[in-house]
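This is what each chain is made of:
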Amino acid sequence: MASPSVSGPALSLRVVAECGLSKARACELWLPHGPVLSPVFMPVGTQGTMKGITARQLEGLGCRICLGNTYHLGMRPGPELIKQANGLHGFMNWQQNLLTDSGGFQMVSLVELSEVTEEGVRFRSPYDGEEILLTPEKSIEIQNALGSDIMMQLDDVVSSTLTGPRVEEAMYRSIRWLDRCIAANSRPDKQNLFAIIQGGLDPALRTKCLEEMMQRDVPGFAIGGLSGGEAKDHFWRVVTLSTDRLPREKPRYLMGVGYATDLVVCVALGCDMFDCVFPTRTARFGSALVPWGSLPVKNKQFAKDFRPIDENCDCPTCHRYSRAFLHALFRSETAAMHLLTVHNIAYQLNLMRSIRESIVEQRFLQFVRDFMRTMYSGQERYPLWAVEALASVNITLE
Amino acid sequence: NRVKILVSGCRLGTLTNLGKNGVQTMELPGCLLYTKTGSPPHLTHDTLQAIEGVPAVVQLTLSTLVELHEVLEEYKAGIGKFIGMPESVLYCSLHDSSTPCPPGYNSNKTVSIWGYGGRMEMTASKFMSMQRALQPDWLQCLSDGDTISGETSRKRAKKSVDRSLSFLDECLQLQEKSPELQGSMMVGVIEGGDVLEERLRSARETAKRPVGGFLLDGFQGQAMAKETKLKLMASVTAELPEDKPRLIHGIGKPDEVLECIERGVDVFESFFPYQVTERGCALSFSYDYNPDPEAAVLEQNGIQDAGKNGIEKDINETSKADPEITSFEIFLKEKRYRDDFGPLVHGCTCYCCQNHSRAYVHHLLVTNELLASVLLMMHNFQHYFSFFHSIRDALRDDRLDQLKELIFRQAL
């Protein structure tokens, strides 16, 4: 059994098992707040809370790493206060691992953008209208105050559907910003800074970015700039191109990926870590995730359905409550959202656990086949991109 | 049931043989676990379990469950199992005390309740049909309590008594014919507005029927003067048998709870901690009538903190405290809590106080996070249940006067 590779003072990774056929691997990731088994799905707790569920509930579901958002927390309550509270871990009393993003994505998706320059991203605060400049240095400063186990570099984020010279500019700028982030990290012994590969959907740009960023001494790499509405055909090709080149002994974090099928395929393509708001967000909108899709329990059809969401799920929600009760509760009570959130997180974590077990037990191929059969009733319904992506790593679905 | 009488009309005791299995007990005086649509607000089974002192008897409200009539008829196994509380003792009341009913909608044959879909007229027959589907352990009988919205005439007060007795007799008859409800206990409802004669008549007549307990209805709200209310309460309970529990709705503030206990009331609701939660507040009043000599605890919790005292008028304050805020609670959205890393209440052993700070809850409120309500509900329920525990202790130790003095001092 190979001993762990030390990727940095605050991270080491051990490849526990590899699927002989595809690029899937099961690893142990050692971080400052404890070990994390991968492939891993990281739920998103944007503002220092998993919406509606307590830290104890989240831990009880088996979660060992979740996300906080630098943009939101940097605005409210701000890095100084969080520092006073002993970092984000202390502030929200979460003793497992935390990953914070740089704030870059919110720049693109949420905020009235003023402009992006070499200096940083200038934007207007939605809370008090003040103009703020987020530089690589500032982002790292905030993340150092938050004290997350993994920090993301500030990258120049552009929409994945964008083409033209802006994509190339953003890619090169992200490299320069990576260097600035590395220089700005005042706690490399306690906090891991991950690089984010950019380059849009252009293989040449992606390759260039990989070449450059891999020359930097970072403990882990993220594949960014995807999951933004681009065609799945392009999406998976960028993912696989990246994992072909990224070092084996460092974790690969695919940002913004969370639908079950995407998770399974991208594990096959060699990714280790994933995050997405989808499971928790869809819960709050009344949808429960199940191995064969999703149940919109809010809908009338469930009013008299006295079965649990999933008879094979052992989460606290399925253990005690029926679809009919959740349907009734959803009309007026926040508790319904919390019950669905618990279930959906359990679903995601159980899925990753099953994936991992199948890799360790050398039956990942069969797992993928069973998964697809359950999710899509009939081979004609298998999404073409998924079939192709899996085939590219020797996983055929009869 | 073993209910002892102590001085000043207070009672201390235990209700036994409760629930479907007949093994549950409830300490008196005590409160019920407040629910909406069968769930304690904001809480799941897990977060409810993390609260200490959760009452044995759960309160359901017909108004939040009435839309489920058809569903429950098909379900057949009763509301307890449906809501994931198969082991709990269940009491079903007509209305939800946190949502007052518009007046003027009851008739000789019907009582209106307001579900999520709007007003529903309940005849005794429809009411009992719903109860057959619910199968609660205790149920408030259909009753006309529409005497609380301002001046009630003698005639109206008399009507409330006549109608409620008529409903009671009809419902008891229907219960006899319902196999599903053989194990359920009818709670007789005492009406009569603010007219002593009518109150006495209601109490005496209701007590003649085979009810398992009594609800003192129509004492909610501001319509009645405090003195009148309390005198009527004492007069009513004097007419009631000692071995059956006396319930009251709509009374939640600690000082008012004590007043009612002194006048023979046993069982209260816990909608009050829910209302406190909804306005972003945490119950902070002390019920420790045996403070340690340093009494630092009182100061720390800040009797000065609570209520209308010291609310900073800050122009940056994005939201003002609810005008309903009482002196028994602190408004955590206030700027002063932004960097207060102490627990909500010093010495509180609830999940929130053991794990989180005022600063964190403040942040959750400012950012409109769902977790704020979860944590506040956990704290507020536990605080309130502990208050009732201290009442029982005080009665046992003959220290009710000290507790009263402490509570009334904080009542402003």
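Residues numbered from 1 in each chain as written. Chains lettered and ligands numbered in written order. Predicted model: local features only at pLDDT ≥ 70, side-chain atom pairs only at ≥ 80, totals over all residues. Heavy atoms only, no water.

**Student:** Looking at this model, I keep getting lost on the overall build of chain B. Mind explaining?
**Tutor:** For chain B, the count of helices and strands is 15 helices and 16 strands. Over its C-alpha trace chain B gives a radius of gyration of 21 Å, about what one expects of a compact globule, namely 22 Å for 412 residues. Taken over the C-alpha atoms alone, chain B extends approximately 60 × 45 × 45 Å along its principal axes. Buried residues in chain B amount to 59% of all 412 residues. For chain B, the accessible area works out to roughly 16,200 Å², and carbon and sulfur atoms hold 48% of it. In chain B, which carries 44 positive and 56 negative side-chain charges, the distance between the mean positions of the two groups comes to 5 Å. (Helix = DSSP H or I, 4+ residues; strand = E, 2+ residues; numbered from the N terminus. Rg over C-alpha atoms; globule rule 2.2 N^0.38 Å. Buried < 20%, exposed > 50% of the residue type's maximum accessible area, 1.4 Å probe, protein only. Areas by Shrake-Rupley, 256 points an atom, 1.4 Å probe, with all protein chains shown as cover. Lys, Arg positive; Asp, Glu negative; His and termini not counted. Charge placed at Lys NZ, Arg CZ, Asp CG, Glu CD.)

**Student:** Is there a simple way to explain the UniProt feature "binding site: Zn(2+)" (unreviewed entry) in chain A in this structure?
**Tutor:** Residue and element names in this part refer to chain A. Per the UniProt record, "binding site: Zn(2+)" (unreviewed entry) is annotated on Cys313, Cys315, Cys318 and His343. In sequence the annotated residues extend across 31 residues, while in space they remain close, none of their C-alpha pairs exceeding 8.4 Å. Mapped onto the fold, Cys313 is located in the loop between strand 17 (293-296) and helix 12 (316-320). Look at Cys313 and you get buried, because its relative accessible area is 11%. Among residues more than four places away in sequence, those in contact with Cys313 are Cys318 and His343. Along the chain, the position of His343 falls in helix 14 (residues 334-360). The residues contacting His343, other than those within four sequence positions of it, are Ala288, Leu289, Ile309, Asp310, Cys313, Cys315, Thr317 and Cys318. (UniProt positions renumbered as here; feature names shortened; annotations may be inferred. Contact = heavy atoms within 4.5 Å.)

**Student:** Looking at this structure, how should I read the UniProt feature "active site" (unreviewed entry) in chain A?
**Tutor:** Residues and elements named next belong to chain A. Mapped onto the present numbering, the UniProt feature "active site" (unreviewed entry) falls on Asp101 and Asp275. Judged by maximum C-alpha separation, these annotated positions cover 175 residues in sequence but sit close together in space, the widest gap being only 10.6 Å. Summarising the element assignment, Asp101 is placed in strand 7 (residues 97-101). Not counting residues within four places of it along the chain, the set of residues in contact with Asp101 comprises Gly68, Asn69, Thr70, Gln106, Gln143 and Met152. Of the polar contacts made by the side chain of Asp101, one reaches the side chain of Asn69; its length is 3.3 Å. With respect to the helices, strands and loops of the structure, Asp275 is situated in strand 15 (residues 273-275). Residue class for Asp275 comes out buried when judged on its relative accessible area of 10%. A polar contact is formed between the side chain of Asp275 and the side chain of Tyr253, at a distance of 2.8 Å. (Polar contact = N/O pair within 3.5 Å; in protein donor to acceptor, adjacent residues only side chain to side chain.)

**Student:** Sorry, what's going on with the sheet that holds strand 4 (residues 34-38) of chain A here?
**Tutor:** Sheets are built from strands paired through backbone hydrogen bonds, the pairs being either parallel or antiparallel. Residue and element names in this part refer to chain A. Sheet architecture is open: four strands sit in the order 1-2-3-4, paired in antiparallel fashion. Edge positions in the sheet fall to strand 1 (5-8) and strand 4, since each of these pairs with one other strand and no more. Ignoring which end each strand starts from, the neighbouring axes of this sheet average 25 degrees apart. Looking at chain direction, strand 3 (residues 25-31) and strand 4 are connected through five bridges and run antiparallel. Its bridge partner being in strand 4, Cys27 is matched across the sheet by Ser38. Against the sheet, helix 14 makes contact with strand 2 (11-18), strand 3 and strand 4, and its axis sits at roughly 115 degrees relative to strand 3, the strand it touches most. (Pairing = 2+ DSSP bridges. Axes fitted to C-alpha atoms, helices over the stretch in contact; angles between N-to-C directions.)

**Student:** Help me understand the nonpolar core, please; the structure alone is not making it clear to me.
**Tutor:** Within soluble globular proteins, side chains that are nonpolar generally end up buried alongside one another. Among the nonpolar cores identified, the biggest contains 177 residues, and B:Phe82, B:Trp138 and B:Phe268 are the most heavily contacted of them. Per-element accounting of this core gives the leading share, 15 residues, to helix 14 (residues 370-396) of chain B. Excluding residues within four positions of it along the chain, B:Phe268 makes contact with B:Gly30, B:Cys31, B:Leu32, B:Ile248, B:Ile251, B:Val257, B:Cys260, B:Ile261 and B:Phe388. Residues A:Leu178, A:Ile197, A:Val267 and A:Tyr382 belong to the second largest nonpolar core, which totals 59 residues. (Core = buried A, V, L, I, M, F, W, Y, C linked by side-chain atoms within 4.5 Å.)

**Student:** Sorry if this is basic, but what is going on with the pattern of salt bridges here?
**Tutor:** Pairing is possible between side chains that carry opposite charge, provided their charged atoms lie close to one another. All names here are of chain A. Applying the stated rule across the entire model yields 53 salt bridges over all chains. As a salt-bridge pair, Lys208 and Glu212 come within 3.5 Å of each other at their nearest N and O atoms. Here Lys208 and its partner Glu212 are both found in helix 8 (residues 203-213), four residues apart, which amounts to about one turn of the helix. A salt bridge links Arg323 to Asp305, with the nearest nitrogen and oxygen atoms 3.0 Å apart. Of this pair, Arg323 sits in helix 13 (residues 323-330) while Asp305 sits in the loop between strand 17 and helix 12, placing them 18 residues apart in sequence. Each member of the pair Arg323 and Asp305 is classed as buried. (Salt bridge = Lys/Arg side-chain N within 4 Å of Asp/Glu carboxyl O.)

**Student:** Would you take a moment to explain the interface of chain A and chain B for this structure?
**Tutor:** Many analyses report the size of an interface as the accessible area lost when the parts associate. The interface is formed by 39 residues belonging to chain A together with 41 residues belonging to chain B. Both faces combined, the contact of chain A with chain B buries some 3,500 Å², and carbon together with sulfur accounts for 61% of it. When the buried area of chain A at its contact with chain B is split by residue, A:Lys304, A:Phe306 and A:Arg320 rank highest and sum to 16% of it. Inspection of the region where chain A meets chain B yields three salt bridges. The partner of B:Glu70 in a salt bridge is A:Lys304, and the shortest N-O contact between them spans 2.8 Å. The interface formed by chain A and chain B holds 17 residue pairs in polar contact (both at pLDDT 80 or more) in total. Going through the elements one at a time, helix 1 (55-60), helix 3 (79-84), helix 4 (87-92), helix 12, helix 13 and helix 14 of chain A are the ones with two or more residues in the side of chain A that touches chain B. In terms of residues, the side of chain A that touches chain B owes the most to one element, helix 14 of chain A, which gives five residues. (Buried area = accessible area lost by both parts, 1.4 Å probe.)

**Student:** Just to check I follow, could you spell out the pairing of strand 8 (residues 111-115) of chain B for this structure?
**Tutor:** Along a regular strand, successive side chains alternate from one face of the sheet to the other. Residue and element names in this part refer to chain B. With four of five residues buried, strand 8 lies mostly within the body of the structure. Where strand 8 lies against strand 9 (residues 118-122), five bridges are found, and the strand directions are antiparallel. Within strand 9, the position partnered with Trp114 by the bridge is Arg119. With antiparallel pairing between neighbouring strands as the criterion, strand 8 and strand 9 make up a hairpin whose turn holds two residues.

**Student:** Would you mind showing me how to read helix 14 of chain A here?
**Tutor:** One turn of the α-helix equals 3.6 residues, which is why residues spaced by three or four share an orientation. If you check helix 14 of chain A, its first and last C-alpha atoms are 39 Å apart, about what 27 residues at 1.5 Å a residue would give, namely 39 Å. For helix 14 of chain A, the buried fraction is high: 22 of the 27 residues fall into the buried class. (Expected span 1.5 Å × (residues − 1).)

**Student:** Can you walk me through the sheet that holds strand 7 of chain A in this structure?
**Tutor:** Residue and element names in this part refer to chain A. Here eight strands make up an open sheet; going across it, the order is 5-15-14-13-12-11-7-6 and the pairing parallel. In this open sheet, the two edge strands, each paired with only one partner strand, are strand 5 (40-42) and strand 6 (65-69). Averaged over all neighbouring strand pairs, the angle between strand axes comes to 25 degrees, with direction disregarded. Alignment of strand 5 against strand 15, held across three bridges, turns out to be parallel. Within strand 15, the residue paired with Met42 across the bridge is Asp275. Docked against the sheet, helix 8 engages strand 12 (192-197) and strand 13 (220-223), running at close to 155 degrees with respect to strand 12.

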